[in-house]
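Residues per chain, in single letters:
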Amino acid sequence: MGDNQKLYVILGPTASGKTSRAVGLAKYLDGEIISADSRQIYCGMDIGTGKDLQEYGDVRYHLIDICDAGYKYNLYEYLRDYQVAETDIKARGKAVVLCGGTGLYIESVLKGIRLPEVPENQRLREELKDKSLAELTEILASYKTLHNITDVDTAKRAIRAIEIQQYYQDNPEKAVTVSPNPITNAVVVGIDIPREKRRERITARLHKRLEDGMVDEIKHLIDSGVPADDLIYYGLEYKYITEYVIGHISYSDMVSQLEIAIHQFAKRQMTWFRGMERRGFRINWIPYDVSDQEFIEQVMAIQ
């Protein structure tokens with residue numbers, strides 16, 4: 001068995017088979033999985049984000065289905081929620097397996113980035129309490145750099161967003177706090193899949209998701225009140241299928257444009273991971289097609 005105090009990270013591009021590898025490792029280690037996927041956090045966005053929840057079996061997972069579709073979750077929230085999940089898993093004596101393809105989330109966790117808890121500013125709240133949502137949105141837009149891009153669909157949320165901006169403006173040194181303690185006992189494993197094989201799997205998976213009802217999933221989100229623009233914001237499947245559903249593009253254009261976009265996305269993921277290596281992170285690449293047993297043995301052999 002592995003060291004339960006270590007952080008095990010399974011990363012790789014889309015369609016590389018990360019989830020099943022992470023599940024196998026978590027079972028072996030008696031661990032739990034924390035997702036590092038910036039879109040799987042949304043409820044109801046299942047087929048398009050490839051949640052494949054049945055793959056987890058009885059392995060517990062965290063940071064999947066934690067927000068309503070339409071919300072714009074950000075890195076600050078992710079690092080806060082990651083910390084809560086990690087503390088909870090370790091408190092129960094389990095190993096932590098971080099799995100995903102969102103390089104920014106993974107790298108920020110490994111760097112030990114901590115973002116400050118922004119305190120309430122009662123005076124500011126008092127000043128803003130009678131303003132309309134339109135006025136609040138205008139105030140928010142006046143800040144030069146928005147550190148915390150959230151969906152300000154209510155006055156309360158807008159006031160909180162302004163409070164955060166004001167705090168960062170008054171305390172610029174706290175806008176991004178990198179703790180002096182990057183994680184040193186992480187075992188970072190990359191799923192190594194040749195480009196052609198990755199392309200093949202992306203294409204096959206896209207067609208399977210379309211057969212499985214991905215268009216209906218997106219129609220359902222729109223019918224339930226999620227604005228089309230919010231879905232387009234999430235990119236990839238949500239962008240192109242929404243464009244098709246609202247009549248902006250034909251079905252065949254949607255499929256071909258979406259396929260190209262997913263290939264480009266996988267390429268960008270690999271660019272990020274290669275960049276991590278240049279920035280000093282050691283990623284141990286294991287071929288995507290080794291047996292489950294062989295995969296575990298190779299991970300456990302990493303010093």
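Nothing here was measured: the structure is a model prediction, and the numbers come from that model.

## Examining the overall build of the protein chain
Of the regular secondary structure elements, the protein chain holds twelve helices and ten strands. Radius of gyration (C-alpha) of the protein chain: 21 Å, near the 19 Å computed for a compact globule of 303 residues. When the backbone C-alpha atoms are referred to their principal axes, the protein chain occupies close to 65 × 50 × 35 Å. For the protein chain, the proportion of its 303 residues judged to be buried stands at 50%. In the protein chain, of all internal contacts separated by at least 6 residues, the share reaching a separation of at least 24 is 73%. Roughly 15,000 Å² of accessible area belongs to the protein chain as shown, and the carbon and sulfur atoms make up 51% of that amount. Once the 39 positive and 46 negative side-chain charges of the protein chain are each reduced to a mean point, those two points are 5 Å apart.

## Regarding the packing of helix H7 (residues 195-211) against helix H11 (residues 251-278)
Orientation of H7 relative to H11, taken along the N-to-C sense of each, is 135°, at an axis distance of 10 Å. As summarised for this structure, H7 and H11 are arranged oblique, according to the angle between their axes. Where H7 crosses over H11, the handedness of that crossing is right-handed. From H7, Arg-198, Arg-199, Ile-202, Thr-203, Leu-206, His-207 and Leu-210 reach across to H11, where they touch Tyr-251, Met-254, Val-255, Leu-258, Glu-259, Ile-262, His-263, Ala-266, Lys-267 and Met-270.

## Description of the packing of aromatic side chains
Per the stated rule, a full pass over the model turns up eight aromatic pairs. Residues Tyr-42 and Tyr-234 carry aromatic rings whose centres are separated by 4.5 Å and whose planes lie at 45° to one another, so their mutual orientation is tilted. A residue pair is termed long-range when its members are at least 10 positions apart, and Tyr-42 in strand E3 (residues 42-43) and Tyr-234 in the loop between helix H9 (228-233) and helix H10 (236-245) qualify at 192 residues. Here Tyr-42 falls in the buried class, since its relative accessible area comes to 2%.

## As for unusual backbone geometry
In this model, Asp-65 sits at a positive phi of 60°, which is unusual for a non-glycine residue. Positive phi, normally seen in glycine, also occurs at Leu-236, with a value near 45°. Locating Leu-236 in the fold gives a position in helix H10.

## Focus on the packing of helix H8 (residues 214-223) against H10
If you want to describe how two helices pack, look at the angle between their axes and the distance between the axes. Their axes nearest at 10 Å, the elements H8 and H10 cross at an angle of 75°. The pairing of H8 with H10 is recorded here as roughly perpendicular in orientation. Here Met-214, Val-215, Glu-217, Ile-218, Lys-219, Leu-221 and Ile-222 of H8 lie close against H10, whose contacting residues are Glu-237, Tyr-238, Ile-241, Thr-242, Tyr-244 and Val-245.

## Looking at the layout of surface pockets
By volume, the largest pocket amounts to about 1,200 Å³. If you trace the largest pocket, you find 50 residues lining it, with Thr-14, Asp-37, Arg-39, Thr-49 and Phe-265 closest to the centre. Listed by contribution, the elements that provide at least two residues to the lining of the largest pocket are helix H1 (18-29), strand E2 (31-36), strand E6 (95-100), helix H3 (103-111), H7, H10 and H11. No other element matches H11, which puts six residues into the lining of the largest pocket. The residue makeup of the lining of the largest pocket, split by class, is 18 nonpolar, 18 polar and 14 charged. Estimated volume of the second largest pocket: approximately 610 Å³. Surrounding the second largest pocket, 31 residues form its lining, Tyr-76, Glu-77, Arg-80, Leu-115 and Glu-117 being those nearest its centre. The element best represented in the lining of the second largest pocket is helix H2 (residues 75-91), accounting for eight residues. Within the lining of the second largest pocket, the residues separate by chemical class into 15 nonpolar, eight polar and eight charged.

## Re H3
Here H3 lies mainly inside the structure; seven of its nine residues are buried. Directly after H3, the chain includes Gly-112, whose backbone phi takes a positive value near 75°.

## Quick word on the pattern of salt bridges
Charged atoms that come close allow side chains of opposite charge to pair. Per the counting criterion, the structure on display carries 23 salt bridges. The partner of Glu-86 in a salt bridge is Lys-90, with the nearest N and O atoms 3.9 Å apart. Of the two residues, Glu-86 and Lys-90 both sit in helix H2, four residues apart, roughly one turn of that helix. Between Glu-163 and Arg-125 there is a salt bridge, and its shortest N-O distance comes to 2.8 Å. Of this pair, Glu-163 sits in helix H6 (residues 155-170) while Arg-125 is found in helix H4 (residues 122-128), placing the two residues 38 residues apart along the sequence. Residue classification places Glu-163 among the buried residues on the basis of a relative accessible area of 2%. By relative accessible area, Arg-125 is classed as partly exposed at 26%.

Parameters at a glance
Residues numbered from 1 in each chain as written. Predicted model: local features only at pLDDT ≥ 70, side-chain atom pairs only at ≥ 80, totals over all residues. Heavy atoms only, no water. Helix = DSSP H or I, 4+ residues; strand = E, 2+ residues; numbered from the N terminus. Rg over C-alpha atoms; globule rule 2.2 N^0.38 Å. Buried < 20%, exposed > 50% of the residue type's maximum accessible area, 1.4 Å probe, protein only. Contact = heavy atoms within 4.5 Å. Areas by Shrake-Rupley, 256 points an atom, 1.4 Å probe, with all protein chains shown as cover. Lys, Arg positive; Asp, Glu negative; His and termini not counted. Charge placed at Lys NZ, Arg CZ, Asp CG, Glu CD. Axes fitted to C-alpha atoms, helices over the stretch in contact; angles between N-to-C directions. Parallel < 35°, antiparallel > 145°, perpendicular 65-115°, else oblique. Left-handed = near helix turned anticlockwise from the far one by under 90°. Phe/Tyr/Trp six-rings, centres within 6.5 Å; stacked < 30°, edge-to-face > 60°. 1 Å grid on protein atoms, 1.4 Å probe; cavity = no way out; pocket = protein on both sides within 12 Å on 5 of 7 lines; lining within 4 Å. Points joined across faces, edges and corners; volume = space filled by probe spheres on them. Nonpolar A, V, L, I, M, F, W, Y, C, P; charged D, E, K, R; others polar. Salt bridge = Lys/Arg side-chain N within 4 Å of Asp/Glu carboxyl O.

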